[in-house]
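A structural walkthrough
Here is what each chain is made of, one letter per residue.
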Amino acid sequence: MIIRKPQALKDHDVTDESLYRGRRKFIKTMGAGSILLGSSLAGNVLNAKARQDDLKNELTSYKDITTYNNFYEFGTGKSDPAKNAHTLKTSPWSVTVDGECAKPGSFALEDLLKPMQTEERIYRFRCVEGWSMVIPWMGFELGKLLKRFEPTSKAKYVYFETLLDPEQMPGQKRSVLEWPYVEGLRIDEAMHPLTLLATGIYGKDLLNQNGAPLRLVVPWKYGFKSIKSIVKIHFLEEQPISSWQKANAVEYGFYSNVNPNVDHPRWSQKRERRIGEFRKRKTLFLNGYADEVAALYKGMDLKKYY
Ligand code: MTE
């Protein structure tokens, strides 16, 4: 298993990206196929391994990942979060888990993370605006965390909330969105082994602009589903309404699956510009994760449930 706890990493471990890429080669020779072993997707491990190997050669630079961001709590420009997110205090941090579960509670981040084994997952990341990246996340499967709270049979959905504090997040003083930022997943999407809670990128702890200390990553969905700086996880029976649905339900649906066949009213979704590249690439159905997740949407009209 490639398990590195970001907390245990020192800066000099990973300051140089070329060193990092070199280390990835080394990991490969050790057998990177272990990346998804232990998950319930045993049958897809080979696919997953091949994909990780391919994506390793397409990694977006650390600089681009940490300076080209969407985090409206710190401004609506792409460079605003890197400039402004230093006002967010990520320690101490606590997360409340409640709703339809047998073991709700409020947890200090350290206690929440202590039993979780952090590992690296290299995922494609596709923004609905038409740009994309390849990001080496550090994180753990959301499902493994959620099971600890023993969701009841009524827990059909999971809802997440970002911190609400306009002093730390000055963008919340403007009503560009309804605050706090909220998102939701169907429980089977949340429990899927590809769905992560991320704590780091390139082996380092998340920077504030990327959603420190804890953010969601759902690689087959548009980037806006990956809610940042999470303080609340709530199990519920009814489908929740996300921030972007509240802002514009015609443009943003609940599912938000990457789908080149369903255009956003203002943007075609057929192609994407990988940050750092000039020529556009074709966008892949479910962002290239169809083998693993298409079954979640069997029989659903994805034009209707966009
Ligand atoms: N989470 C919060 N709380 N606030 C935001 O504005 N933006 C979303 C998502 N999560 C956002 C958020 C959008 S639109 C995208 S594309 C991704 O974060 C961007 O993640 P990145 O900046 O790490 O690339």
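Residues numbered from 1 in each chain as written. Predicted model: local features only at pLDDT ≥ 70, side-chain atom pairs only at ≥ 80, totals over all residues. Heavy atoms only, no water.

**Quick word on the sheet that holds strand β1 (residues 94–99)**
Consider a sheet: its strands pair through backbone hydrogen bonds, and that pairing is either parallel or antiparallel. In spatial order, the strands read β2-β1-β10-β5-β6; together these five strands make up an open sheet with mixed pairing. Because the sheet does not close on itself, it has two edges, and the strands there are β2 (105–108) and β6 (182–186). Taking each pair of neighbouring strands and ignoring which way they run, the sheet shows an average axis angle of 15°. Alignment of strand β5 (residues 157–162) against strand β10 (residues 230–236), held across six bridges, turns out to be antiparallel. Counted as the bridge partner of E161 is K232 from β10. (Pairing = 2+ DSSP bridges. Helix = DSSP H or I, 4+ residues; strand = E, 2+ residues; numbered from the N terminus. Axes fitted to C-alpha atoms, helices over the stretch in contact; angles between N-to-C directions.)

**Looking at the site of the ligand**
Around the ligand, the structure places 16 residues, and the nearest of them are N69, Y72, E73, R215 and K228. N69 places a side-chain nitrogen or oxygen 2.8 Å from an oxygen atom of the ligand. With respect to the ligand, the side chain of N210 contributes an N or O atom lying 3.0 Å from an oxygen atom. Alone, the ligand offers 530 Å² of accessible surface; in the complex the protein occludes 98% of this. Tallied by class, the residues present in the shell around the ligand amount to seven nonpolar, six polar and three charged. (Near = heavy atom within 4 Å. Polar contact = N/O pair within 3.5 Å; in protein donor to acceptor, adjacent residues only side chain to side chain. Areas by Shrake-Rupley, 256 points an atom, 1.4 Å probe, with all protein chains shown as cover. Nonpolar A, V, L, I, M, F, W, Y, C, P; charged D, E, K, R; others polar.)

**Comments concerning unusual backbone geometry**
Note that the residue after S91, namely P92, is joined by a cis bond; omega there is 0°. If you trace the backbone, P92 turns up in the loop between α5 (80–84) and β1. Geometrically, the link from W179 to P180 is a cis peptide bond, its omega value of -5° lying close to zero. Checked against the element boundaries, P180 lands in the loop between β5 and β6. Positive phi, normally seen in glycine, also occurs at N287, with a value near 60°. Structurally, N287 is set in the loop between β12 (281–282) and α10 (290–293). Overall, the relative accessible area of 1% leaves N287 in the buried class. (Buried < 20%, exposed > 50% of the residue type's maximum accessible area, 1.4 Å probe, protein only.)

**Description of the packing of aromatic side chains**
Counted according to the given criterion, the structure contains 15 aromatic pairs. Between Y68 and W131, the ring centres sit 5.1 Å apart and the planes meet at 85°, which makes this aromatic pair edge-to-face. Taken together, the residues span a long stretch of sequence, with Y68 in the loop between α4 (62–67) and α5 and W131 in strand β4 (residues 131–141) at a distance of 63 residues. For Y68, a relative accessible area of 26% gives the class partly exposed. (Phe/Tyr/Trp six-rings, centres within 6.5 Å; stacked < 30°, edge-to-face > 60°.)

**Observations regarding the nonpolar core**
Of all hydrophobic cores here, the largest spans 79 residues; its most connected members are W137, F160, L216, W220, I233 and F235. Looking at this core element by element, the count peaks at six residues for β4. Contact partners of W137, with chain neighbours within four places excluded, come to E119, E120, R121, Y123, F125, L196, A198, G200, I201, L206, R215 and V217. (Core = buried A, V, L, I, M, F, W, Y, C linked by side-chain atoms within 4.5 Å. Contact = heavy atoms within 4.5 Å.)

**Focus: the side chain of S229**
Checked against the element boundaries, S229 lands in the loop between β9 (215–217) and β10. Non-local contacts of S229, meaning those with residues more than four positions away in its chain, are made with F71, L88, W93, E161, T162, L163, M169, G211, A212, L214 and R215.

**Observations concerning a positive patch on the surface**
Together, R271, R273, K280 and K282 make up a positively charged patch on the protein surface. Within the secondary structure, K280 is located in the loop between β11 (271–274) and β12. Residue K280 is classed as partly exposed on the basis of its relative accessible area of 48%. (Patch = residues over 30% accessible without salt bridge, like charges linked within 9 Å, V, L, I, M, F, W, Y side chains within 5 Å. Salt bridge = Lys/Arg side-chain N within 4 Å of Asp/Glu carboxyl O. Lys, Arg positive; Asp, Glu negative; His and termini not counted. Charge placed at Lys NZ, Arg CZ, Asp CG, Glu CD.)

**Topic: the pattern of salt bridges**
Counted under the stated rule, the structure contains 18 salt bridges. Here D98 ties to K232 by a salt bridge, and the two come within 3.5 Å at their closest N and O atoms. You can see D98 sitting in strand β1 and its partner K232 sitting in strand β10, a full 134 residues away along the chain. Residue K232 is classed as partly exposed on the basis of its relative accessible area, which comes to 22%.

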